[in-house]
Amino acid sequence: MPNPFIYDLIQHPYFQRLRRISQMGLSYLVYPGANHTRFHHALGCLHIMQKAVNVLRFKNVQISEEEENALYVAILLHDIGHGPFSHAMEHSIVEDVHHEEISLLFMNKLNKEFNGKLSLAIQIFKGEYHRKFMLQLISSQLDMDRMDYLKRDSFYSGVEEGKINSDRLIQMMNVVDDVLVIEEKGIYSVEKFLMARRLMYWQVYLHKTSLVAEEILTRILKRAKELYQKGSDVECSKPLHFFIENKIMLHDFNDEILEEFAKLDDTDIIGAIKNWQYHEDFTLSTLSKMIINRDLLKIKMSNEKFSTEEIQSLLEQYSKESKLSVLESKYFVFKGKIKNQAYSKIAEPIRILQKDGGLEDVAILSDQLSLNALSKHVTKYYLCFPKQLNKS
């Protein structure tokens, strides 16, 4: 712990809630070891941010005590706005609100409680501080967030491909004209980092089983909201019931709603789903049993889009077999797509500091032909449907 103020933030109920929010959503259904939490990740980010500050100061980068503290606060709280099961339910509980926006609401609330001590951290987090490298340490293509989660998620899932040398990357960091750069001798570590990120996305974060489980989870909540609107009893915890009753958008957030959101964690969702297995509604109970018993829908992946005829045929078949309307059958037969891009040439590049003092994008300097491939958008399509349907 760098100082008592950071300790006080960690001790706050808003932060302690992260102990009950899983880092990798429903990935534990594929990788049983992936049970670590957002709390682990936030502390890890704080730890490596301290290393980064020490390295940059050693290289004569001026960082005041106030700036140092602000960096620690910003990285510690960067994910505090995550709801239950992290990304899996990002748009289900509150509609079209990103976790970063909720993180900022929490930071502003904490800033009031701590008499303005988070003001500079908020400025950096929003990208409004004049020293650009400070935001880059928190949110960029090579930030403390990614360095921690790749190594941590790789460790807990047991997927070796995600291993990166974060110590080496941090040792190679420097700042030129208030922009974060990596010294030329660190270029291979950057290449390894980008490759690890690509593999972790396809092998872990976008694994087809995790994908279908998360789709089912969002549909469970959608169905519960729909049943509540029709006057059906949907038994669950008070905080979850509040978000089932009310359609909450970003502009609706006030201190009371934020307080309700802060009461939500993974246990509310799991508790509700365990109850809903026995609900009289066939759709809600069937979807709930799928998650509890890990007996999921079948998922088919493709590089090509699935035809409307194919989906319609499956819908009609399932509707006939289950005696559900075609509309309700859409809870069990649906399509979607996933995108991945390990390195973006449009976003702020990872700059390499050459021996002659020049700066260049890693994608241009790298002798890895694959780095150009990594910057391409890869889109895959998927189709989910009940296992019993005849499908080759």
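Computed from a predicted structure; not experimentally measured.

A.B. asks: Would you explain the UniProt feature "domain: HD" (unreviewed entry) in the chain in this entry?
C.D. replies: Here, the residues flagged by UniProt with the feature "domain: HD" (unreviewed entry) are residues 38–150. What you have in residues 38–150 is 61% helix and 0% strand, and the ends, taken at the C-alpha atoms, are 13 Å apart.

A.B. asks: Would you mind showing me how to read the environment of Ile-170 here?
C.D. replies: With respect to the helices and strands, the residue Ile-170 is situated in helix H9 (residues 166–171). The buried category is assigned to Ile-170, whose relative accessible area is 2%. Beyond its immediate chain neighbours, meaning those up to four positions away, Ile-170 contacts Ile-48, Lys-51, Ala-52, Val-55, Met-144 and Met-147.

A.B. asks: Explain the pattern of salt bridges to me, please; I cannot follow it from the model alone.
C.D. replies: Scanning all chains against the criterion turns up 25 salt bridges. Taking the shortest distance from any N to any O, the salt bridge between Lys-126 and Glu-128 comes out at 3.8 Å. Ionic contacts of the salt-bridge type, sharing partners, join the residues Arg-223, Glu-226, Lys-230, Asp-281 and Glu-328 into one network.

A.B. asks: Can you help me understand a positive patch on the surface in this one?
C.D. replies: Taken together, the side chains of Lys-305, Lys-335, Lys-337 and Lys-339 present a region of like positive charge at the surface. Following the sequence through the fold, Lys-339 ends up in strand E4 (residues 334–340).

A.B. asks: Is there a simple way to explain the sheet that holds strand E6 (residues 359–361) in this structure?
C.D. replies: Pairing between the strands of a sheet is mediated by backbone hydrogen bonds and can be parallel or antiparallel. One open sheet accounts for four strands, arranged E1-E2-E5-E6; its pairing is mixed. Both outer strands of the open sheet, strand E1 (173–176) and E6, are each paired with one neighbouring strand and no more. Neighbour-to-neighbour, the strand axes of this sheet turn through a mean angle of 45°, independent of strand direction. By the bridge criterion, three bridges tie strand E2 (residues 179–183) to strand E5 (residues 351–353) in an arrangement that is parallel. Each bridged residue has a counterpart across the sheet, and for Ile-182 the counterpart in E5 is Ile-352.

A.B. asks: Please explain the pairing of E2 as it appears in this structure.
C.D. replies: A large share of E2 lies buried, amounting to five of its five residues. Of the two faces of E2, the one holding Val-179, Val-181 and Glu-183 and the one holding Leu-180 and Ile-182 are both buried throughout. Inspection of the sheet shows E1 paired to E2 by four bridges, in the antiparallel sense. In the sheet register, Asn-174 faces E2, and the bridge partner there is Val-181. Hairpin connection, E1 to E2: the antiparallel pair is bridged by two residues, and Asp-177 has positive phi, about 50°.

A.B. asks: So what exactly am I meant to see when it comes to helix H5 (residues 99–113) here?
C.D. replies: For the α-helix, the turn length of 3.6 residues means that residues three or four positions removed from each other point alike. Look at H5: 21 Å from first C-alpha to last across 15 residues, which is about the 21 Å you get at 1.5 Å a residue. Buried within H5 are the following residues: His-99, Ile-102, Ser-103, Phe-106, Met-107, Lys-109, Leu-110 and Asn-111. Of the surrounding elements, those touching the buried residues of H5 are helix H1 (4–11), helix H2 (13–16), helix H4 (65–76), helix H6 (119–125) and helix H13 (255–262). The positive-phi residue at the C-terminal boundary of H5 is Asn-115, with phi of around 50°.

A.B. asks: For this particular structure, what's the right way to read the side chain of Gln-141?
C.D. replies: Tracing the chain through its elements places Gln-141 in the loop between helix H7 (132–138) and helix H8 (144–157). Since its relative accessible area comes to 8%, Gln-141 is described here as buried. A distance of 2.8 Å separates the side chain of Gln-141 from the backbone oxygen of Ser-344, its partner in a polar contact. At 3.1 Å, the side chain of Gln-141 forms a polar contact with the backbone oxygen of Glu-348. Filtering out sequence-adjacent residues up to four positions away, Gln-141 remains in contact with Arg-146, Phe-193, Ala-342, Tyr-343, Ser-344, Ala-347, Glu-348, Pro-349 and Ile-350.

A.B. asks: Is there a simple way to explain the packing of aromatic side chains in this structure?
C.D. replies: Centre distance and the angle of the planes are the two values used to describe a pair of aromatic rings. In this structure the tally under the stated criterion is twelve aromatic pairs. Measuring from ring centre to ring centre gives 5.1 Å for Tyr-318 and Phe-332, while their planes differ by 45°; the resulting arrangement is tilted. With Tyr-318 in helix H16 (residues 308–322) and Phe-332 in the loop between helix H17 (326–329) and E4, this pair connects stretches of sequence that are 14 residues apart. For the pair formed by Tyr-318 and Phe-332, the shared burial category is buried. The ring of Phe-334 carries Arg-219 above its face, with NZ or CZ at 3.5 Å from the centroid.

A.B. asks: How should I be thinking about the environment of Ser-319 in this particular structure?
C.D. replies: With respect to the secondary-structure elements, Ser-319 resides in helix H16. C-alpha separation for the pair Ser-319 and Val-333, spaced 14 residues apart in sequence, amounts to 9.8 Å. Those residues in contact with Ser-319 that sit more than four places away from it in its chain are Leu-324, Ser-325, Val-326 and Ser-329. In this structure the side chain of Ser-319 is engaged in a polar contact, spanning 2.5 Å, whose partner is the backbone oxygen of Leu-324.

A.B. asks: Quick question: what am I supposed to make of the sheet that holds E4 here?
C.D. replies: Spatially, E3-E7-E4 is the arrangement adopted by the three strands of the open sheet, whose pairing is antiparallel. Each of the sheet's edge strands pairs with one partner strand only, and the pair in question is strand E3 (298–302) and E4. The mean angle between the axes of side-by-side strands here comes to 25°, regardless of whether they run parallel or antiparallel. Across the sheet, helix H11 (residues 208–229) lies against E3, E4 and strand E7 (378–385), angled at about 120° from E3, the strand it touches most.

Scoring rules and cut-offs
- All residue numbers refer to positions counted from 1 along the written sequence of the respective chain.
- The predicted origin of the model limits local features to residues at a pLDDT of at least 70 and limits the giving and counting of side-chain atom pairs to 80 or more, whereas totals for whole chains, interfaces and linings rest on all residues.
- Side-chain figures throughout are based on the complete set of non-hydrogen atoms in the structure, without hydrogens or water.
- UniProt positions are given in the numbering used here, feature names are shortened, and annotations may be inferred rather than shown by experiment.
- Labels follow the DSSP assignment, with helices taken as runs of H or I lasting at least four residues and strands as runs of E lasting at least two, numbered in each case from the N terminus.
- Note on exposure labels: buried denotes an accessible area under 20% of the residue type's maximum, exposed denotes more than 50%, and partly exposed covers the range between, all computed with a 1.4 Å probe on protein chains only.
- Here, two residues are considered to be in contact whenever any of their heavy atoms come within 4.5 Å of each other.
- Salt bridges are identified by distance alone: a Lys or Arg side-chain nitrogen within 4 Å of an Asp or Glu carboxyl oxygen.
- Patch membership needs two things, relative accessible area over 30% and no salt bridge, and members are linked within 9 Å if like-charged or within 5 Å if nonpolar (Val, Leu, Ile, Met, Phe, Trp, Tyr).
- Here the Shrake-Rupley method, with its probe set to 1.4 Å, supplies the accessible areas, and only the displayed protein chains count as covering residues.
- For the purpose of counting charges, residues Lys and Arg are taken to be positive, whereas Asp and Glu are taken to be negative. His and the chain ends are not included.
- A charge is said to be at NZ when it belongs to Lys, at CZ for Arg, at CG for Asp and at CD for Glu.
- Between any two strands, at least two bridges found by DSSP are needed for them to pair.
- With axes taken as lines fitted to C-alpha atoms, and helix axes fitted only over the stretch in contact, angles between N-to-C directions fall between 0 and 180 degrees.
- Residue count minus one, scaled by 1.5 Å, sets the expected span of a helix.
- Each polar contact in these results corresponds to two N or O atoms within 3.5 Å; when the atoms are within protein, one needs to be able to donate a hydrogen and the other to accept it, and residues that are neighboring in sequence are counted only if both atoms are side-chain atoms.
- Centre distance within 6.5 Å is the pairing criterion for rings of Phe, Tyr and Trp, where only the six-membered ring of Trp is used; planes under 30 degrees apart are then read as stacked, over 60 as edge-to-face, and the remainder as tilted.
- Should the NZ of a Lys or the CZ of an Arg lie within 6 Å of a ring centre and within 35 degrees of the ring normal, that charge is described as sitting over the ring.

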